[in-house]
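# Inside the fold
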Amino acid sequence: VQLQASGGGLVQAGGSLTLSCVGSGGTFRRYTMAWFRQAPGKEREFVGAIRWNGNIVAGADSGKGRFTISRNNDKNTVYLRMASLSPEDTAVYHCAAGGTVILSATSDAASYAIWGQGTLVTVSS
């Protein structure tokens, strides 16, 4: 499967944004789909994932209650809805797909063999 992320852009603090990641060329519904982000000068951070069975694995505390992951297997798409954005959320957001991801390793980037190109989210203060 190949992944194409979109939906990034410039948003004011307190605003919302929904990212999309469309998969093609594979059996999308069998994959665990994750979102990671990397801010300038910082390490990559696990944002969250939705497993093949629909179970959600939440990411860092900074996103809890503000970030929602969902998927539509009929559209081969996973979404990341972000609300109450702050400048600290500024980063390149990547979607990733993992074929066999054990639950305890869901937040480990090494569990995902397929990555999208990333979409930049910039939050202005």
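Provided above is the structure to which this section pertains.
Only a predicted model underlies this, so the values are computations on that prediction, with no experimental measurement involved.

Conventions and cut-offs
- Residues numbered from 1 in each chain as written.
- Predicted model: local features only at pLDDT ≥ 70, side-chain atom pairs only at ≥ 80, totals over all residues.
- Heavy atoms only, no water.
- Helix = DSSP H or I, 4+ residues; strand = E, 2+ residues; numbered from the N terminus.
- Contact = heavy atoms within 4.5 Å.
- Areas by Shrake-Rupley, 256 points an atom, 1.4 Å probe, with all protein chains shown as cover.
- Lys, Arg positive; Asp, Glu negative; His and termini not counted.
- Charge placed at Lys NZ, Arg CZ, Asp CG, Glu CD.
- Pairing = 2+ DSSP bridges.
- Axes fitted to C-alpha atoms, helices over the stretch in contact; angles between N-to-C directions.
- Disulfide = S-S within 2.5 Å.
- Buried < 20%, exposed > 50% of the residue type's maximum accessible area, 1.4 Å probe, protein only.

Along the protein, the regular secondary structure elements total zero helices and 11 strands. In the protein, the order of α-helices and β-strands from amino to carboxyl end is β-β-β-β-β-β-β-β-β-β-β. If you take every contact in the protein between residues at least 6 apart in sequence, the share linking residues at least 24 apart comes to 58%. Of the roughly 6,300 Å² that the protein leaves accessible, carbon and sulfur atoms contribute 48%. Charged side chains of the protein number 11 positive and 7 negative; the gap between the two group centres comes to 9 Å.

Within the open sheet, the four strands sit side by side as 1-3-8-7. Their pairing is antiparallel. In the strand order of this sheet, the two ends are held by strand 1 (2–6) and strand 7 (67–72), each with one partner. Between one strand axis and the next, the sheet turns by 15 degrees as a mean value, whatever way the strands run. Sheet topology note: the strand 1/strand 3 (residues 17–24) ladder contains five bridges and is antiparallel. Considered in strand 3, the bridge of Ala5 is made with Cys21.

Enumeration according to the criterion identifies one disulfide in this entry. Residue pairing for Cys21: its cysteine sulfur links by disulfide to Cys95, the two sulfurs lying 2.0 Å apart. Taking the torsion about the S-S bond as the criterion, the Cys21 to Cys95 disulfide, at about 65 degrees, is right-handed. With Cys21 in strand 3 and Cys95 in strand 9 (residues 91–98), the pair connects residues that are 74 residues apart, well separated along the chain. By relative accessible area, which is 0% here, Cys95 ends up buried.

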